[in-house]
Amino acid sequence: MNNRNFTIKQSILSRIRNFILSCLLLTAAMPVLQAQTMTYPVQVYTQLIPPYTPFAPAYYSGFQEKLKVTLINSDMQQPLLSVYLRMRITSSIFSINTPDEVFTPPIQLQAGVPLQISRSDLAPYFQQNNMRISGGQAQFYRTRMFPDNFYRFNFEVYDV
């Protein structure tokens, strides 16, 4: 009977040791697991300034700024990063995007320094030959107005 108690205690101690080793291994692997998560070196912040307007030219020209796009290169390993943007404006009935074959002028980003894209820098994205439109192309080109709806303005950054 005494031998059986010794075997049970040994089995319990072995399980406890395996559990502790597993916890230590998992704790040691956590930084590696966290490092493998997808991070993007450039952060994009898009802001629409009220009052909102359906007139597309108001977002890239005029006296009042209606659309702000701010880029931040958060990769300190690359002190200077050359990127270009793709614009996408979507609603449930209408969309505008920058086609893949269109390359606007590259933008230089210094690490850690926010860069606000000006209205004049946004103008090329709204040029007729730089847009792919679906859901009312003829009306948009004629009036330069977005159809009534709720819209989402999105800018994506691509490495040159």
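Bear in mind the structure is a predicted one, so any value in this text is a computation, not a measurement.

Brief notes about the sheet that holds strand E1 (residues 42-48)
Taken together, the three strands give an open sheet; going across it, the order is E1-E2-E6, and neighbouring strands pair in antiparallel fashion. Lying at the two open borders of the sheet, with one neighbouring strand each, are E1 and strand E6 (115-117). Direction aside, neighbouring strands of the sheet carry axes that sit 20 degrees apart on average. Bridge count for E1 against strand E2 (residues 67-73) is seven bridges, and the pairing is antiparallel. Note that in E2 the partner of Val44 across the bridge is Leu71.

Some words on the side chain of Arg86
Relative to the helices and strands, Arg86 is located in strand E3 (residues 80-90). In this structure the side chain of Arg86 is engaged in a polar contact, spanning 3.3 Å, whose partner is the backbone oxygen of Pro99. Within the structure, the side chain of Arg86 is placed 2.4 Å from the backbone oxygen of Val102, a separation counted as a polar contact. Ignoring sequence-local partners within four residues, the contact set of Arg86 consists of Thr98, Pro99, Asp100, Val102, Phe103, Asn154, Phe155, Glu156 and Tyr158.

Concerning the pairing of E3
Bridge count between E3 and strand E5 (residues 107-110): four bridges; the pairing is antiparallel. Each bridged residue has a counterpart across the sheet, and for Leu80 the counterpart in E5 is Gln110. Two elements, E3 and strand E8 (residues 152-159), share eight bridges in a ladder whose sense is antiparallel. By the bridge assignment, Arg86 is partnered in E8 with Glu156.

So, how was this worked out
- Residues numbered from 1 in each chain as written.
- Predicted model: local features only at pLDDT ≥ 70, side-chain atom pairs only at ≥ 80, totals over all residues.
- Heavy atoms only, no water.
- Pairing = 2+ DSSP bridges.
- Helix = DSSP H or I, 4+ residues; strand = E, 2+ residues; numbered from the N terminus.
- Axes fitted to C-alpha atoms, helices over the stretch in contact; angles between N-to-C directions.
- Polar contact = N/O pair within 3.5 Å; in protein donor to acceptor, adjacent residues only side chain to side chain.
- Contact = heavy atoms within 4.5 Å.

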